[in-house]
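Coordinate inspection notes
In case you want the letters, here they are:
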Amino acid sequence: MATSTSKIAWTANDGNHRRVRSPDKEKDNFLRVQLFTMALNGIRKHETVSSRIYFYGCFLTMLIMDLAGVHFAYQNAGEILLVCDCLGPTFTCFLGVVKQYYLDVHREQLWYIIHELRKLKQNATVSDIEMIEKNNKIDQFLATAYFASAMGTGTIFIVEAILKGTYNYFIRNCIEWNLPIAISFPFDISHPAIFAFFFIWCSAATYMVVFSSVSSDAGFGGLASNLVVHFKILQNRFKDRRFEDNDQSLEDLIEYHTLVLKLSRRLMSSFRIIILNNLLVASVLLCVLGFEMVVYLGTSLMLLYITYITAIVIQIFFFSYYGSQLLYESAAVGDAIYCSNWYEATPKTRKLLLFCLKRAQVPVNTKVGIMVASLPTFRAVLI
């Protein structure tokens, strides 16, 4: 039955009611923060001339900012503290460039995953939809919290530069302003109008890096957590199932399992290079920021470095935790099949189950280069 007002359809399948929600309502609740930050960096489902111009503008801005950080490090190669000051923002900006580039390269694949996850939810049972919606609420909370903390870190850099310049002007009676990030250019920007332009530009570039990080890191977390829920649904269906002569419904369940595995592998393929760069760079940054925090112990800069380190830890936790979840829950489907009453099934059904079991015994590959996106890797990076 379908109604034009609520746009909810009900069908019966194996004694369970299935609820189909309208696509418009689904779009409002699924990956809201991640899609918003992707749009802020010019990555949209449907390309337009204006969106591509905006995308390349953001990309070139972050790339120029990254090169300016390298230039600053080269100019101050003999000053270890100055080099350390620029390494954090420079590496973070490098990650922003990598993330935006690969999100754009795999844009069609990511939208395919999002589309398929929406279809799976529309065809889920009421109890399964409750699991998915509960997961999406948690994901939205985590993505919002990550977005707020990342915005806070970027804002601290900008506010700190403004406060320091104001202090120098009103208390020390001297005009000494610095850009929010330790960068330099091969030309003079000391003229007040030029410096004001580059101060605003640098502030905007800082937030672009934030948007790129949130859309990538929280986007992976949101998609992976939804796939983990579907693996759990598969486990419940295999455990609760009583295999009879009706092989068609079993074939549908195996097709469902195949699709979730396919989406998981596509997700890892899209984010593999992003995750590898994130883990490698985070390992270096945590050492550099730890050194700076010891140097500036007891000063006001401590808050800046603590906030920065927290943001980096959250970044690698997103990839490590959800990578572990994908690995574990995809393998657990095989255990669920083994716990079912397969021994009471017909030979034809047993053959189908055997194929599904062999497929489940090869979990989602979360290896990224020389590392694995997992909690043990997260612990190793922190140590």
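Residues numbered from 1 in each chain as written. Predicted model: local features only at pLDDT ≥ 70, side-chain atom pairs only at ≥ 80, totals over all residues. Heavy atoms only, no water.

If you tally the helices and strands in the protein chain, you get 11 helices and 4 strands. Taking the principal axes of its C-alpha atoms as reference, the protein chain extends roughly 85 × 50 × 35 Å. Classification of the 383 residues of the protein chain by burial places 51% in the buried group. Counting only contacts in the protein chain whose residues sit at least 6 apart along the sequence, the fraction spanning at least 24 positions is 77%. When the accessible surface of the protein chain is totalled, it reaches about 19100 Å², and 64% of it is carbon and sulfur. (Helix = DSSP H or I, 4+ residues; strand = E, 2+ residues; numbered from the N terminus. Buried < 20%, exposed > 50% of the residue type's maximum accessible area, 1.4 Å probe, protein only. Contact = heavy atoms within 4.5 Å. Areas by Shrake-Rupley, 256 points an atom, 1.4 Å probe, with all protein chains shown as cover.)

With that settled, consider the UniProt feature "transmembrane region" (unreviewed entry) in the protein chain. UniProt records the feature "transmembrane region" (unreviewed entry) for residues 53-74, 80-98, 141-163, 189-210, 273-296 and 302-322 in the present numbering. Note that residues 80-98 is 100% helix and 0% strand, and that its end C-alpha atoms are spaced 26 Å apart. Secondary structure within residues 189-210 divides into 86% helix and 0% strand; the distance between the first and last C-alpha atoms comes to 25 Å. (UniProt positions renumbered as here; feature names shortened; annotations may be inferred.)

For the pair helix α2 (residues 32-40) and helix α7 (residues 192-240), interaxial distance at closest approach is 8 Å and the crossing angle is 150 degrees. Relative to α7, α2 is oriented so that their crossing is left-handed. For the pair α2 and α7, the contacting residues are Val33, Gln34, Thr37, Met38 and Leu40 in the first and Phe211, Val214, Ser215, Ala218, Gly219 and Gly222 in the second. For the contact of α2 with α7, the class distribution of residues is 6 nonpolar, 5 polar and no charged. (Axes fitted to C-alpha atoms, helices over the stretch in contact; angles between N-to-C directions. Left-handed = near helix turned anticlockwise from the far one by under 90°. Nonpolar A, V, L, I, M, F, W, Y, C, P; charged D, E, K, R; others polar.)

Moving on, we come to the nonpolar core. In this structure, Phe220, Leu223, Phe238, Leu267, Phe271 and Ile275 are the most contacted members of the largest nonpolar core, which totals 103 residues. With 22 residues, the top contributor of residues to this core is α7. (Core = buried A, V, L, I, M, F, W, Y, C linked by side-chain atoms within 4.5 Å.)

Attention shifts here to the packing of helix α5 (residues 107-122) against α7. Packing of α5 against α7 leaves a shortest axis separation of 11 Å and a crossing angle of 40 degrees. You can see that α5 and α7 cross each other, and the crossing is left-handed. Along its contact with α5, which presents Leu110, Ile113, Ile114, Leu117 and Leu120, the element α7 presents Leu223, Asn226, Leu227 and His230. Partitioning the contact of α5 with α7 into residue classes produces 7 nonpolar, 2 polar and no charged.

Here we take up unusual backbone geometry. Although it is not a glycine, asparagine 173 adopts a positive phi angle of roughly 55 degrees. Assessed through its relative accessible area of 66%, asparagine 173 is described here as exposed.

This brings us to a nonpolar patch on the surface. A cluster of nonpolar residues, Ile162, Tyr167, Tyr169, Phe170, Ile171, Ile175 and Trp177, forms a patch on the protein surface that exposes about 780 Å² of accessible area. Mapped onto the fold, tryptophan 177 is located in the loop between α6 (126-170) and α7. The exposure class assigned to tryptophan 177 is partly exposed, which follows from its relative accessible area of 34%. (Patch = residues over 30% accessible without salt bridge, like charges linked within 9 Å, V, L, I, M, F, W, Y side chains within 5 Å. Salt bridge = Lys/Arg side-chain N within 4 Å of Asp/Glu carboxyl O.)

Taken as a whole and judged by the stated rule, the model has 22 aromatic pairs. Seen in terms of ring centroids, phenylalanine 59 and tyrosine 101 are 6.5 Å apart; in terms of plane orientation they differ by 45 degrees. Their pairing is tilted. Here the residue phenylalanine 59 occupies a position in helix α3 (residues 49-75), and tyrosine 101 occupies one in helix α4 (residues 80-105), the gap between them amounting to 42 residues. The buried category is assigned to phenylalanine 59, whose relative accessible area is 17%. A centroid spacing of 6.1 Å and a plane angle of 75 degrees characterise the contact between phenylalanine 198 and tryptophan 201, whose relative ring orientation is edge-to-face. Of the two residues, phenylalanine 198 and tryptophan 201 are both situated in helix α7; the distance of 3 residues between them amounts to about one turn of the helix. Among the aromatic residues, those joined into a cluster by ring pairs are Tyr146, Phe317, Phe318, Tyr321, Tyr322 and Phe378. Geometry around phenylalanine 55 places arginine 52 over its ring, the cationic atom sitting 4.6 Å from the centre. (Phe/Tyr/Trp six-rings, centres within 6.5 Å; stacked < 30°, edge-to-face > 60°. Lys NZ or Arg CZ within 6 Å of the ring centre and 35° of its normal.)

Let's shift gears to the environment of lysine 45. For lysine 45, the position within the fold is in the loop between α2 and α3. Judged by relative accessible area, which is 43%, lysine 45 ranks as partly exposed. Sequence separation between lysine 45 and aspartate 104 is 59 residues, and the spatial gap between their C-alpha atoms is 9.9 Å.

In this section: the pattern of salt bridges. In this structure the tally under the stated criterion is 9 salt bridges. The closest approach of N and O atoms between glutamate 47 and arginine 107, which form a salt bridge, is 2.7 Å. With glutamate 47 in the loop between α2 and α3 and arginine 107 in helix α5, the pair connects residues that are 60 residues apart, well separated along the chain. Note that glutamate 116 and lysine 119 form a salt bridge whose closest N and O atoms lie 3.9 Å from each other. Of this pair, glutamate 116 and lysine 119 both sit in helix α5, 3 residues apart, roughly one helical turn. Residue classification places glutamate 116 among the buried positions, given a relative accessible area of 10%. By relative accessible area, which is 37% here, lysine 119 ends up partly exposed.

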